[in-house]
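Residues per chain, in single letters:
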Amino acid sequence: MGTSPNAERTLIASNRRARHDYAVLKTYEAGIVLAGTEVKSLRAGRVSLVDAFAQEHDGEIMLHGLHIAEYGYGSWTNHAPRRTRKLLLRRVEIARILDRTREGGITLVPLSMYFSGGWAKIELALARGRRSYDKRQVLAERDANREIARELGRRLKGRTARG
């Protein structure tokens, strides 16, 4: 039984820094193999994607550096917070991703983590790193677009910029 593509998504965490540091080329949705106490910590929102990245290992894609805090009410069965976790993707998707990452200069970065239909999912992106001048250019472009939208809103309401 699969979930519908428009199933309700409950955001757990997002990596806002990734969209600033990388130019996103393509995104994929991947499942993630978790232990029971990890799921309980995720439901409490105790996760950080800051240093996380994905790499190929034995034909599979593994997520490194994802921090899921230990579950407060867990016992000796608690998980290691920064353990390597397996991502669940189709073989065809894995082959496409690995072909792109072997080109060089392209990396796999997790953008967000969410629950979809009760299952924990990761939004994974093929991304190329931005240089500092690219980041400044993107920020300037975003500010210009925001100012244009603000001015357009004023004109639609019948007000001028200095009115």
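All values derive from a computational prediction rather than experimental measurement.

About the criteria used
- Residues numbered from 1 in each chain as written.
- Predicted model: local features only at pLDDT ≥ 70, side-chain atom pairs only at ≥ 80, totals over all residues.
- Heavy atoms only, no water.
- Helix = DSSP H or I, 4+ residues; strand = E, 2+ residues; numbered from the N terminus.
- Rg over C-alpha atoms; globule rule 2.2 N^0.38 Å.
- Contact = heavy atoms within 4.5 Å.
- Areas by Shrake-Rupley, 256 points an atom, 1.4 Å probe, with all protein chains shown as cover.
- Pairing = 2+ DSSP bridges.
- Polar contact = N/O pair within 3.5 Å; in protein donor to acceptor, adjacent residues only side chain to side chain.
- Phe/Tyr/Trp six-rings, centres within 6.5 Å; stacked < 30°, edge-to-face > 60°.
- Lys NZ or Arg CZ within 6 Å of the ring centre and 35° of its normal.

(A) Representation of the overall build of the protein. Scanning the protein from N- to C-terminus turns up four helices and nine strands. Secondary structure of the protein in N-to-C order comes out as β-α-β-α-β-β-β-β-β-α-β-β-α. Computed over the C-alpha atoms, the radius of gyration of the protein is 20 Å, more than 25% above the 15 Å expected from 2.2 N^0.38 for a compact globule of 163 residues. Dimensions of the protein, computed from C-alpha atoms along their principal axes, come out at roughly 65 × 40 × 35 Å. Put simply, 66% of the contacts in the protein that link residues at least 6 apart link residues at least 24 apart. When the accessible surface of the protein is split by element, carbon and sulfur atoms take 49% of a total near 10,800 Å².

(B) Just the pairing of strand S4 (residues 53–57), in detail. Pairing of S4 with strand S5 (residues 60–64), which is carried by five bridges, proceeds in the antiparallel orientation. Residue His-57 lies in a different strand from S5, and its bridge partner there is Glu-60. Remark: two residues form the turn of the hairpin made by S4 and S5, two consecutive strands paired antiparallel; Asp-58 in that turn has positive phi of roughly 55°.

(C) Quick peek at the side chain of Ser-41. Turning to its location among the elements, Ser-41 is positioned in helix H2 (residues 36–43). In terms of polar contacts, Ser-41 uses its side chain to reach the backbone carbonyl oxygen of Ala-69, at 2.7 Å. In contact with Ser-41, not counting residues within four places along its chain, are Arg-46, Ile-68, Ala-69, Glu-70, Tyr-71 and His-79.

(D) Expanded view of the packing of aromatic side chains. Here the structure, examined in full by the defined rule, presents zero aromatic pairs. Above the face of the Tyr-28 ring, Lys-26 is positioned so that its terminal group lies 5.3 Å from the ring centre. Its guanidinium or amino end placed over the ring of Phe-115, Arg-43 lies 4.2 Å from that ring's centre, counting from NZ or CZ.

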